[in-house]
Each structure stands twice: as C-alpha cells, then as structure tokens.
Amino acid sequence: MKPFEKCPVCSGELENKQVEKLLRGGGNTVSLKVAAEVCLHCGERLYAEDVVKSFEEIRGKLRKKEFSHFRTLGQSFTVEENWPNKAIQPTA
Ligand SMILES: [Zn+2]
C-alpha cells in the first residue's frame, strides 16, 4: 500500500525510486540510499512512516555519537575561515 497516491504539494504523479539521502547530527553526516515516492513534476520526496522513524533514529545516534551500524565512507571537510573568497564560509 502506498502512503500517497498523488504528490501532496502539486498533485503530480509519483514514482517509486531509490534516492540518496544525507542525514546530519552533531556535526556528522550519514549518506544512504532509500526507497522513496518521488514526484515526477516537482521532485518532492515522500518516505514511508517507518523510514522517517529510521531517519530520526540515525540522527539521534549521530547526536549521541553512537556509531554502531555505521561505517566510514571517505572523510567530510569544511573550509578554513581564511578561504580567499569571502562568499565561501565554513559550516561550523
Ligand atoms: Zn509534486
């Protein structure tokens, strides 16, 4: 059973797709692939209720720095304060 038949934003057609999702918490990031209903018109992504709960669980683990069930995938960086173009700023 689909949670939605049409996009709640624009009433566009939805298609089940694997999308890449970034979750952040406590300065850390987890990337993952997840099934979503994606609006073919506006790009809105809809997730099943249990998936949304899992996202919250993952953000909670990141905030508490509990890294079980995660593995490292590259490194993430931000720029230093003195980057030559002042339009570019560190995120934290
Ligand atoms: Zn839409």
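As shown above, the structure is provided for reference.
The shown structure was predicted, so the numbers you read here are calculated from the model rather than taken from an experiment.

Here the focus is the pattern of salt bridges. Evaluation of the coordinates by the stated rule reveals three salt bridges. Linking E13 and K6 is a salt bridge whose minimum nitrogen-to-oxygen distance equals 2.6 Å. Using a relative accessible area of 43% as the deciding quantity, one classes K6 as partly exposed. Its salt-bridge partner being K17, residue E15 comes within 3.9 Å of it at the nearest N-O pair.

Summarising the metal site, the zinc ion is bound by the protein donors C7 (SG), C10 (SG), C39 (SG) and C42 (SG), whose distances to it range over 2.3 to 2.4 Å. If you look at the zinc ion, its four donor atoms make angles of 101 to 117° with each other, and the shape they trace is tetrahedral. All donor residues of the zinc ion come from one chain, and their arrangement in sequence is C-x2-C-x28-C-x2-C. Since its relative accessible area comes to 3%, C39 is described here as buried.

What follows concerns the sheet that holds strand β1 (residues 14–25). What the three strands build is an open sheet, ordered β1-β2-β3; its pairing is antiparallel. Since the sheet does not close on itself, it has two edges, and those belong to β1 and β3 (45–46), each with one partner.

All right, on to the pairing of strand β2 (residues 28–39) then. Taken together, the twelve bridges between β1 and β2 define a ladder with antiparallel strand orientation. When the bridges of β2 are listed, G25 appears paired with N28. Hairpin connection from β1 to β2: two residues lie between these consecutive antiparallel strands, with G26 at a positive phi of about 55°. Joining the antiparallel neighbours β2 and β3 is a turn of five residues, in which G43 adopts a positive phi near 85°.

Turning to the packing of aromatic side chains, a few remarks are in order. Scanning the entire structure with this criterion turns up one aromatic pair. On the numbers, 5.0 Å between centres and 80° between planes, the contact of Y47 with F55 is edge-to-face. Seen from the ring of F70, K61 lies directly overhead, with NZ or CZ sitting 5.1 Å from the centre.

If you check the backbone angles, K65 has positive phi at about 55° while not being a glycine. Despite not being glycine, H69 has its phi angle at roughly 70°, a positive value. Tracing the chain through its elements places H69 in the segment after α1 (49–63).

Counting residues in each nonpolar core, the largest one holds twelve residues, listed as V19, L23, V30, L32, V34, A36, V38, Y47, V51, F55, I58 and L62. Counting only elements with at least two residues in this core, the list comes to β1, β2 and α1. With five residues, the top contributor of residues to this core is β2. Residues contacting I58, with those up to four places away along its chain left out, are L23, V30, L32 and F70.

What counts and how
Residues numbered from 1 in each chain as written. Predicted model: local features only at pLDDT ≥ 70, side-chain atom pairs only at ≥ 80, totals over all residues. Heavy atoms only, no water. Salt bridge = Lys/Arg side-chain N within 4 Å of Asp/Glu carboxyl O. Buried < 20%, exposed > 50% of the residue type's maximum accessible area, 1.4 Å probe, protein only. Donors = N, O, S within 2.8 Å, 3.2 Å for Na, K, Ca; no water. Tetrahedral: all angles 85-135°; square planar, octahedral: opposite > 155°, others 65-115°. Pairing = 2+ DSSP bridges. Helix = DSSP H or I, 4+ residues; strand = E, 2+ residues; numbered from the N terminus. Phe/Tyr/Trp six-rings, centres within 6.5 Å; stacked < 30°, edge-to-face > 60°. Lys NZ or Arg CZ within 6 Å of the ring centre and 35° of its normal. Core = buried A, V, L, I, M, F, W, Y, C linked by side-chain atoms within 4.5 Å. Contact = heavy atoms within 4.5 Å.

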